[in-house]
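Understanding the architecture of this molecule
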Amino acid sequence: MNISSFPGYHGKILQIDLSKANISEKPLMPGVAEEYLGGRGMATRLFFDEIDPICDPLEADNVIVIATSPLIGTHAPTACRGHMVFKSPLTGIIGSPNCGGSWAHAFKSSGYDVLVIKGKSSEPVMIDISPEQVKIIPQAKLWGLDAHETTDRLTADPEKGKEYRILCIGPAGENLVRFSSVMNDKNRAYGRGGPGAVFGSKKLKAIRVSGRRKIFVKDEERYKSGLDQSQYLMRSAPITKRLMRELGTLGLIKLIDIIEMLPHRNFQDNLHRDDDLDKISGETLRKTILEKASACYGCSIACQRRTNVGGKKGEGPEYETVVMTGPNCGIYDLNAIARAHYRCNELGLDTISFGGTLACAMELSEKGYIPKKDWGQMNLSFGNGDILEKMVDLITARKGLGDILAEGSYRLAEHFQHPEYSMSIKKMEIPAYDPRASFTQALGYMTSPTGACHLRGGYAVSLAFFGGTKEIPRFSLLQSPIAIRNMQNLGIIQDSLGICRFTGFAFSTEPWARMASGITGRNFSTARMEEIANRIASLERIFNIKTGIGADEDTLPMRFQQESIIVGEKETRIPEETIVKMRKDYYQARGWDEQGVPRNLQ
């Protein structure tokens with residue numbers, strides 16, 4: 001079957017070899033689309049086929065794959081997210097972030113479904129993609145510019161009839177900071193796992209896209225039935241209808257504190273004063289620095305916030321940024337957090353890993369493990385918001401102590417001989433939910449294929465508190481393994497369709513199944529999507545096993561095993577025996593063996 005008879009796809013993979021300055025196309029095989037759908041699934045499959053799992057993430061052998069989905073290019077709600085897969089320089093395993101904004105939609109409009117990048121250029125370059133031609137263009141003059149400046153330069157004076165969209169790195173990626181981001185629309189980020197460093201190692205400064213190619217819908221009636229239902233449910237659900245629209249993601253601050261999951265001082269405890277949280281809440285952002293709400297392409301939720309701090313304008317900060325650079329560092333200064341967030345976006349840093357690494361440094365300093373002579377001019381103490389923006393610059397430039405912080409919290413803590421103070425899993429910093437307050441939260445982090453991630457386990461918080469009919473007790477050993485497998489599978493489906501996780505607060509898979517089936521003319525039933533999700537989960541696991549990690553990496557830092565927090569007036573922690581049991585039961589729920597190896601290991 002020719003892919004051209006498969007609606008929803010253009011049927012083309014664009015391949016770039018930067019070492020040879022070679023540009024080629026190859027057909028997208030129908031079997032890949034049928035078995036992996038798009039986005040995360042398709043990118044993972046093509047990545048797996050192209051890369052040596054034991055390669056150095058910062059050398060030419062690493063491969064970057066960016067894939068779209070059959071929903072992108074339609075009116076499906078939030079269908080604008082591209083998915084990027086690479087070997088992570090932070091973790092040494094699979095890196096798999098996705099990003100909203102408008103770039104993925106523009107890339108699909110250029111006439112391609114997937115972009116595969118190999119090799120390493122000898123000089124800074126950009127890739128320019130349009131339906132008419134694809135070029136690799138030297139761009140030494142852009143090297144050193146931040147993501148905003150780069151975007152402005154590359155969108156100025158477009159050719160007649162063209163509208164450019166830019167994917168680029170800032171100086172953090174150029175300097176190979178292991179948690180550097182790739183930026184889209186200036187402030188949207190492929191953030192986790194260090195994709196910016198992979199771009200920087202390849203001397204790839206930017207990818208510019210333009211085009212107006214359309215896709216068509218095979219079964220309009222079936223597609224529209226799913227579309228209409230999804231839009232109705234999103235207008236009805238409290239989180240997508242009101243909370244996110246009125247307060248953005250910062251609407252979660254007080255909610256997560258009420259359920260006793262909000263981290264404090266490098267996850268030492270979950271204790272916050274109400275008046276401190278008031279200073280950083282969504283309500284305070286709305287009253288003080290908000291200019292207007294905004295949204296990614298095709299999204300009605302509009303959780304983004306355009307803000308202004310003393311004349312400096314930017315986007316955000318979001319929930320994860322505020323908590324990880326705020327309370328997790330003992331800081332409750334919204335203006336200082338926002339300015340640091342602006343700077344992270346400009347220079348290209350993942351704000352979650354930035355906050356987690358800085359909190360680790362603060363605790364190491366507090367306990368005397370980082371000598372004061374290494375602090376430079378910094379007062380590296382919990383609660384000091386004055387250093388946030390300065391530390392972004394020092395880490396980006398790899399100056400002084402910033403050079404070792406640029407390696408992430410795990411390598412930082414290991415350098416100072418106390419790895420137990422890195423709150424990370426598989427070397428990736430844990431996001432802004434304390435896993436001791438929920439078994440599903442803990443298990444989601446433990447078994448995430450990319451390391452601890454807000455998109456691979458962070459939203460497990462919903463299963464215990466606002467999961468509706470799917471809600472389970474927060475400390476259920478029996479239900480947590482199956483519940484987290486199901487939630488991870490839903491996330492895989494969402495990522496493979498190129499849609500936002502927040503839609504999951506309004507509805508599950510069924511409307512998406514009808515939309516995907518209507519667009520493609522194929523039967524992507526809910527059962528079929530579950531089968532696809534299981535296939536993708538196993539493939540990610542197989543890749544990670546081939547890099548050399550195993551079941552022992554599916555665990556929690558010792559702090560969460562040995563030190564308690566107060567939840568419901570009781571002390572709680574996740575001891576080793578609970579970790580072992582949950583892990584074993586999760587593997588069983590996945591159909592893997594007792595060491596977490598998929599039985600279809602390839």
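Here the structure is shown first, and the text comes after it.
Note that the structure is predicted; figures quoted are calculated from it, not measured.

1. Examining the overall build of the protein chain
What the protein chain contains, in helices and strands, is 24 helices and 20 strands. Dimensions of the protein chain, computed from the C-alpha atoms along their principal axes, are close to 65 × 55 × 50 Å. When the 602 residues of the protein chain are sorted by exposure, 64% land in the buried category. Long-range pairs, those at least 24 residues apart, make up 70% of the contacts in the protein chain between residues at least 6 apart in sequence. Carbon and sulfur atoms provide 47% of the accessible area of the protein chain, an area that totals close to 21600 Å². Computed over 76 positive and 71 negative side-chain charges, the separation of the two mean positions in the protein chain equals 4 Å.

2. Details of the packing of aromatic side chains
On inspection of all chains with the given rule, the structure shows 13 aromatic pairs. Ring geometry for Tyr 586 against Trp 592: centres 6.0 Å apart, planes inclined by 85°, an arrangement best described as edge-to-face. Using a relative accessible area of 2% as the deciding quantity, one classes Tyr 586 as buried. Every member of this aromatic cluster is reached through a ring pair, and the members are Trp 103, Phe 107 and Tyr 112. Over the aromatic face of Tyr 164 sits the side chain of Arg 208, whose NZ or CZ is 4.0 Å from the ring centroid.

3. Looking at the environment of Ser 353
With respect to the helices and strands, Ser 353 occurs in helix H14 (residues 351-366). Looking at Ser 353, the relative accessible area reads 0%, which means it is buried. Residues Ser 353 and Met 428, 75 residues apart in the sequence, show an inter-C-alpha distance of 7.3 Å. Polar side-chain contacts of Ser 353 include one of 3.0 Å to the side chain of Arg 192.

4. Thoughts on the sheet that holds strand E14 (residues 290-294)
Each strand in a sheet pairs with another by means of backbone hydrogen bonds, the pair being arranged parallel or else antiparallel. Read from one edge of the open sheet, three strands run E14-E15-E16, paired in antiparallel fashion. With partners counted over all chains shown, the strands left at the sheet margins are E14 and strand E16 (312-315), one partner each. Direction aside, neighbouring strands of the sheet carry axes that sit 15° apart on average. As judged from the four bridges shared by strand E15 (residues 304-309) and E16, these two strands associate in the antiparallel manner.

5. As for the pattern of salt bridges
Scanning all chains against the criterion turns up 42 salt bridges. Between Glu 50 and Lys 26 there is a salt bridge whose closest N-O contact spans 3.7 Å. Remark: Lys 26 occurs in strand E2 (residues 22-27) and Glu 50 occurs in helix H2 (residues 39-50); sequence separation between them is 24 residues. Classification of Glu 50 as partly exposed rests on a relative accessible area of 27%. The exposure class assigned to Lys 26 is partly exposed, which follows from its relative accessible area of 32%. Here Arg 343 makes a salt bridge to Asp 393, at a shortest N to O gap of 2.8 Å. Highlighted residues: Arg 343 in helix H13 (residues 334-347) and Asp 393 in helix H15 (residues 388-397), separated in sequence by 50 residues. Classification of Asp 393 as partly exposed rests on a relative accessible area of 31%.

6. What to know about H2
With twelve residues, H2 should cover 16 Å at 1.5 Å per step; its first-to-last C-alpha distance of 17 Å lies within 8% of that length. Buried residues of H2: Gly 39, Arg 40, Gly 41, Met 42, Ala 43, Thr 44, Arg 45, Leu 46, Phe 47 and Phe 48, and no others.

7. Remarks on the sheet that holds strand E13 (residues 204-209)
With mixed pairing, the six strands of this open sheet are ordered in space as E9-E8-E13-E10-E11-E12. Strand pairing shows two members of the sheet lacking a second neighbour, strand E9 (134-138) and strand E12 (188-190), which therefore form its edges. Geometrically, the sheet is characterised by an average inter-axis angle of 20° between neighbouring strands, direction not taken into account. Relative to E9, strand E8 (residues 125-129) runs antiparallel, the two sharing five bridges. From the neighbouring strand, Asp 128 faces E9, where its bridge partner is Lys 135. Those strands touched by helix H4 (residues 147-155) are E8, strand E10 (165-168), strand E11 (182-184) and E13, and its axis lies near 145° from that of E10.

Conventions adopted
Residues numbered from 1 in each chain as written. Predicted model: local features only at pLDDT ≥ 70, side-chain atom pairs only at ≥ 80, totals over all residues. Heavy atoms only, no water. Helix = DSSP H or I, 4+ residues; strand = E, 2+ residues; numbered from the N terminus. Buried < 20%, exposed > 50% of the residue type's maximum accessible area, 1.4 Å probe, protein only. Contact = heavy atoms within 4.5 Å. Areas by Shrake-Rupley, 256 points an atom, 1.4 Å probe, with all protein chains shown as cover. Lys, Arg positive; Asp, Glu negative; His and termini not counted. Charge placed at Lys NZ, Arg CZ, Asp CG, Glu CD. Phe/Tyr/Trp six-rings, centres within 6.5 Å; stacked < 30°, edge-to-face > 60°. Lys NZ or Arg CZ within 6 Å of the ring centre and 35° of its normal. Polar contact = N/O pair within 3.5 Å; in protein donor to acceptor, adjacent residues only side chain to side chain. Pairing = 2+ DSSP bridges. Axes fitted to C-alpha atoms, helices over the stretch in contact; angles between N-to-C directions. Salt bridge = Lys/Arg side-chain N within 4 Å of Asp/Glu carboxyl O. Expected span 1.5 Å × (residues − 1).

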